[in-house]
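Chain residues, written in single-letter form:
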Amino acid sequence: MIIFSGIRPTGPIHIGNYLGAIRNWLELQKNNQCFFCIANLHAITTPFKSEQLRQETFGLAALYLSLGLDPHQSTLFVQSQVKEHAEMTWLLSTITPMGELSRMTQYKEKSDRLKASQINAGLFYYPVLMAADILLYQTEAVPVGEDQQQHVELARSLAQKFNRQFGATFKAPKSLIPKNQARIRSLRDPSRKMSKTDDPRGAVSFLDSPEEIKNNVMRAVTDSDRQIKYDPQRRPGLANLLIIYSSLENISPQEAAQQFVGQSYQSIKEELSQKLIAFIEPIQSEYQQWIKQPQKLEEILTAGQEQAQTIAAQTLAKAQQKMGLLG
Ligand code: AQP
């Protein structure tokens, strides 16, 4: 299968990005043709600082590699370095109904958190850019967290609409969403998803120190019930801890709950902190090695750019020709 996915370089990735997306990528890269981008054009749809964006772009590349994405198996590239993404967005925007974009829950959630002056048209267009990212590579499957499913469905319906209107051009992609751990919640507010740009105390990031990880987990919001039970509807805070724990242990959240029956919330949190620290530490050491080699990172990204651009340019030319545009 052809696989495409990406992450915004808006800060160090967290355990939600890993469990919702990257863990799946690592499996998929073994037997599929995978494209994984650093979605910097998406990053500029919310407030950002230029120098920080540049650093986060290399930081995310270093984290991709430290987590096990292999440039010999997958194409790793920076979105802005393949110009076809921006151009394809324009073509697709002309067949995207405004009504569909205004129904996107991520747009609503993200714009709710911003001041009116910070909500730009790019944020509204985010799903069209994402559709362009996906369709340029004739992608068949998009491994994302559940929060992005609606966007992949839009990409699929745009592909079908374009094909009906102008003739067969794109493959219609589907999302690949991991069961159980699809949406990791904020440790501070389990009604929201864990996020890079929200309250950092609500996340466990791959660049947090062991103390920060422990503090954030120990202070995670739970409830006043004493019985340990996996009940994501009524007890989302505890369920979130059990989901993270069980994902790291490769067991089900119900099995994790069973394992902790009779124990206090404190001991669950201690056990989980230890597991997270042990999991993250070696990845961090690897990251420290990569970040010291900017030239090597650039070489990998340039090779990725060349591979991605070859395919993206072919698809863009095909779409332009079908629309009657002189390329
Ligand atoms: N909490 C989450 N649980 C499971 N999966 C998640 N993803 C993000 N948060 C969770 C998945 O990670 C991938 C990359 O996401 P992104 O950075 O491109 O955009 P996002 O969804 O907006 O992620 P964040 O972490 O919340 O970042 P900010 O704070 O920048 O908005 C996607 O596959 C997503 O599903």
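Model, not experiment: these values are computed from the prediction.

Moving on: the packing of helix α1 (residues 15-28) against helix α10 (residues 236-249). For the pair α1 and α10, interaxial distance at closest approach is 11 Å and the crossing angle is 50°. Here α1 lies oblique to α10, going by the angle between them. α1 and α10 meet at a crossing whose hand is left-handed. Across from Ile15, Leu19 and Arg23 in α1, the residues of α10 making contact are Ile244, Ser247 and Leu248. When grouped by side-chain class, the residues that make up the contact of α1 with α10 number 4 nonpolar, 1 polar and 1 charged.

In the vicinity of the ligand there are 23 residues, among which Thr10, Lys110, Ser195, Lys196 and Thr197 approach most closely. Lys110 places a side-chain nitrogen or oxygen 2.6 Å from an oxygen atom of the ligand. One of the backbone N or O atoms of Met194 is found 3.0 Å from a nitrogen atom in the ligand. Within the complex, 99% of the 630 Å² of free accessible area of the ligand lies under protein. The set of elements that each furnish at least two residues to the shell around the ligand consists of β1 (2-7), α1 and α6 (105-112). When residues of the shell around the ligand are assigned to their parent elements, the largest contribution, 4 residues, is made by α1.

On to helix α12 (residues 265-291), then. Under the 1.5 Å per step criterion, the end-to-end length of α12 is 37 Å for 27 residues, consistent within 8% with the ideal 39 Å. Helix geometry: α12 is bent most strongly at Ile280, by close to 25°, with proline Pro282 lying one to four residues after it. Listing the buried residues of α12 in full gives Tyr265, Ile268, Lys269, Leu272, Ser273, Leu276, Ile277, Ile280, Ile283, Gln284, Tyr287 and Trp290. Check the buried side of α12 and you find it contacts α1, α3 (50-67), α9 (210-218), α10, α11 (253-260) and α13 (294-323).

Another point: the pattern of salt bridges. Any two side chains of opposite charge can pair, so long as their charged atoms come close to each other. Taken as a whole and judged by the stated rule, the model has 11 salt bridges. Asp198 is paired through a salt bridge with Arg192; the nearest N and O atoms lie 3.0 Å apart. With relative accessibility at 32%, the residue Arg192 sits in the partly exposed group. Linking Asp225 and Arg235 is a salt bridge whose minimum nitrogen-to-oxygen distance equals 3.7 Å. In this pair, Asp225 is assigned in the loop between α9 and α10 and Arg235 in the loop between α9 and α10, connecting sequence segments 10 residues apart. A relative accessible area of 37% places Asp225 in the partly exposed class. A relative accessible area of 6% places Arg235 in the buried class.

What follows concerns the packing of aromatic side chains. The geometry of an aromatic ring pair is captured by the separation of the ring centres together with the interplanar angle, meaning the angle of the planes. Taken as a whole and assessed by the stated rule, the structure comprises 13 aromatic pairs. Ring centres of Phe4 and Tyr137 lie 5.6 Å apart, and the angle between their planes is 5°; this geometry places the pair in the stacked category. Here Tyr137 lies in the loop between α7 (121-136) and β4 (141-143) and Phe4 lies in strand β1, a separation of 133 residues in the sequence. Across the pair, exposure class does not vary: Phe4 and Tyr137 are buried alike. Pairing Tyr18 with Phe206 gives two aromatic rings, centres 5.8 Å apart and planes at 70°, and the pair type is edge-to-face. Of this pair, Tyr18 sits in helix α1 while Phe206 sits in the loop between β5 (174-176) and α9, and the two are 188 residues apart along the sequence. Under the relative-accessibility criterion, Tyr18 is labelled buried at 8%. Look at Phe206 and you get buried, because its relative accessible area is 0%. Taken together through their ring pairs, the aromatic side chains of Phe4, Phe35, Phe77 and Tyr137 make up a single cluster.

For helix α4 (residues 84-93), a buried count of 7 out of 10 residues is recorded, marking the element as mostly surrounded by other parts of the structure. Buried within α4 are the following residues: Glu84, His85, Met88, Thr89, Leu91, Leu92 and Ser93. Next to the buried residues of α4 lie α2 (40-43), β3 (74-78), α7, α8 (149-166) and α13.

With that out of the way, let us pick up the nonpolar core. Ranked by internal contacts, the top residues of the largest apolar core, which has 59 residues, are Ile15, Phe206, Ile244 and Leu276. Among the elements that take part in this core, α12 stands out by supplying 9 residues, more than any other. For this core, the domains that each give at least three residues are domain 1 (2-176 + 293-323) and domain 2 (200-289). Apart from residues lying up to four places away in sequence, Leu276 is in contact with Ile15, Val204, Ile213, Val217, Ile244 and Leu248. If you look at the next biggest cluster of nonpolar residues, it comprises 39 residues, including Cys37, Val142, Ala159 and Ala312.

Rules of the game
Residues numbered from 1 in each chain as written. Predicted model: local features only at pLDDT ≥ 70, side-chain atom pairs only at ≥ 80, totals over all residues. Heavy atoms only, no water. Axes fitted to C-alpha atoms, helices over the stretch in contact; angles between N-to-C directions. Helix = DSSP H or I, 4+ residues; strand = E, 2+ residues; numbered from the N terminus. Parallel < 35°, antiparallel > 145°, perpendicular 65-115°, else oblique. Left-handed = near helix turned anticlockwise from the far one by under 90°. Contact = heavy atoms within 4.5 Å. Nonpolar A, V, L, I, M, F, W, Y, C, P; charged D, E, K, R; others polar. Near = heavy atom within 4 Å. Polar contact = N/O pair within 3.5 Å; in protein donor to acceptor, adjacent residues only side chain to side chain. Areas by Shrake-Rupley, 256 points an atom, 1.4 Å probe, with all protein chains shown as cover. Expected span 1.5 Å × (residues − 1). Bend = angle between axes of the 7 residues up to and from the residue. Buried < 20%, exposed > 50% of the residue type's maximum accessible area, 1.4 Å probe, protein only. Salt bridge = Lys/Arg side-chain N within 4 Å of Asp/Glu carboxyl O. Phe/Tyr/Trp six-rings, centres within 6.5 Å; stacked < 30°, edge-to-face > 60°. Core = buried A, V, L, I, M, F, W, Y, C linked by side-chain atoms within 4.5 Å. Domains from an automatic or database assignment.

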